[in-house]
Amino acid sequence: MSFTHFLPAATFGVFVLLVSGCSPAAPAAEAVAPPAVAASGTHTHDSDKPSHRNTLQTVTLTGTDGRRVVLVAADIAALPRESFSFDRHGEVRTYEGPLLLDVVARAGAAATPLHAPDLASVVLVDSADGYQVAFGLAETDPATRTDRIILADRADGAVLSPEDGPFMLVSEGDVRPARSARMVTSIKLISLARRPAR
């Protein structure tokens, strides 16, 4: 399920973050024949191996002012690290990477703890296969909620596979992994805050 919302930059002033990466599930190809029926009690989702692979080795950040910053793997690895276990469709792995808030700080996002008007900000995440998810910027702030959101570059001590990486958003505490976008390629900050009346 994707989320796309376009807002006039001149009208709003709240923070929105756009991340490009990959969806939990690979997009369905144009079918020329009906797909095989899964066994009773099973269902296909992002635990299946997707056919799409991310060839980019960078993540592009876009700030609210339109300024772009391109980060490579070494930049991500140099940021403070967090790790936690996360269940993706019955497969529990330990993911490691920097907090998303620390990543977007490179594009001008405020540091923890966030205050107004940043509390009205939004985070939009895009994947290499076109998948998108959205977060409130405050959701990425460890001073606001205990569950962490990281931009993972490793799982169980190893670099992510081409089907998942090189960067994957992992949202701790989510019951479903739908917001944990694989193959992240870009993140955009968008401000939605109202401007004070003149």
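Residues numbered from 1 in each chain as written. Predicted model: local features only at pLDDT ≥ 70, side-chain atom pairs only at ≥ 80, totals over all residues. Heavy atoms only, no water.

**Here's the deal with the overall build of the chain**
Next up, step 1: Each helix and strand counted, the chain has 2 helices and 12 strands in total.
Next up, step 2: Reading the chain from its N end, one meets helices and strands in the order β-β-β-α-β-β-α-β-β-β-β-β-β-β.
Next up, step 3: With 198 residues in all, the chain has 43% of them scored as buried.
Next up, step 4: A separation of at least 24 residues holds for 70% of the contacts in the chain among residues at least 6 apart in sequence.
Next up, step 5: Taken as a whole, the chain presents about 10400 Å² of accessible surface, with 56% of it coming from carbon and sulfur. (Helix = DSSP H or I, 4+ residues; strand = E, 2+ residues; numbered from the N terminus. Buried < 20%, exposed > 50% of the residue type's maximum accessible area, 1.4 Å probe, protein only. Contact = heavy atoms within 4.5 Å. Areas by Shrake-Rupley, 256 points an atom, 1.4 Å probe, with all protein chains shown as cover.)

**Considerations on the nonpolar core**
Next up, step 1: Grouped together as the largest cluster of nonpolar side chains are 28 residues, with contacts concentrated most on Val59, Leu61, Val103, Val104, Leu151, Leu169 and Ile187.
Next up, step 2: Breaking this core down by element, the ones donating at least two residues are strand S2 (58–62), strand S3 (68–72), helix H2 (100–104), strand S6 (122–127), strand S7 (132–136), strand S8 (149–152) and strand S12 (182–191).
Next up, step 3: The element contributing the most residues to this core is H2, with 4 residues.
Next up, step 4: In this view, leucine 61 contacts Arg67, Arg68, Val69, Leu71, Val103, Arg106, Ala107 and Ile187; residues no more than four positions away in its chain are not counted. (Core = buried A, V, L, I, M, F, W, Y, C linked by side-chain atoms within 4.5 Å.)

**Here we look at the sheet that holds strand S9 (residues 154–155)**
Next up, step 1: Pairing within the open sheet is antiparallel, and its 4 strands lie in the order S4-S5-S9-S10. Edge positions in the sheet fall to strand S4 (82–88) and strand S10 (158–159), since each of these pairs with one other strand and no more.
Next up, step 2: Taken together, the 7 bridges between S4 and strand S5 (residues 91–97) define a ladder with antiparallel strand orientation. Opposite aspartate 87, over in S5, you have valine 92 as the bridge partner. (Pairing = 2+ DSSP bridges.)

**Details of the pattern of salt bridges**
Next up, step 1: On inspection of all chains with the given rule, the structure shows 9 salt bridges.
Next up, step 2: In this structure, arginine 81 engages aspartate 153 in a salt bridge whose closest nitrogen and oxygen atoms are separated by 2.6 Å. Remark: aspartate 153 occurs in the loop between S8 and S9 and arginine 81 occurs in the loop between helix H1 (73–78) and S4; sequence separation between them is 72 residues.
Next up, step 3: Relative accessible area serves as the criterion here: at 10%, aspartate 153 is assigned to the buried category.
Next up, step 4: Note that aspartate 174 is salt-bridged to arginine 179, the shortest N-O span being 3.0 Å.
Next up, step 5: What makes arginine 179 partly exposed here is its relative accessible area of 22%.
Next up, step 6: Salt bridges sharing common partners tie together Arg81, Glu96 and Asp153. (Salt bridge = Lys/Arg side-chain N within 4 Å of Asp/Glu carboxyl O.)

**Description of the packing of aromatic side chains**
Next up, step 1: Taken as a whole, this structure holds 1 aromatic pair when the rule is applied.
Next up, step 2: Relative to tyrosine 95, the ring of phenylalanine 86 lies with its centre 6.5 Å away and its plane at 70 degrees, an arrangement referred to as edge-to-face. Both residues of the pair, phenylalanine 86 and tyrosine 95, belong to the buried class. (Phe/Tyr/Trp six-rings, centres within 6.5 Å; stacked < 30°, edge-to-face > 60°.)

**Focus on the confidence of the model for the chain**
Next up, step 1: Across the chain, the average pLDDT comes to 77, with 72% of residues at or above 70.
Next up, step 2: Note on residues 1–22: pLDDT under 50 across the span, and 106 contacts to partners over four residues away in sequence or across chains.
Next up, step 3: Scored below 50 in pLDDT, residues 25–49 makes 16 contacts in the model with residues more than four places away or belonging to other chains. (pLDDT = per-residue confidence, 0-100.)

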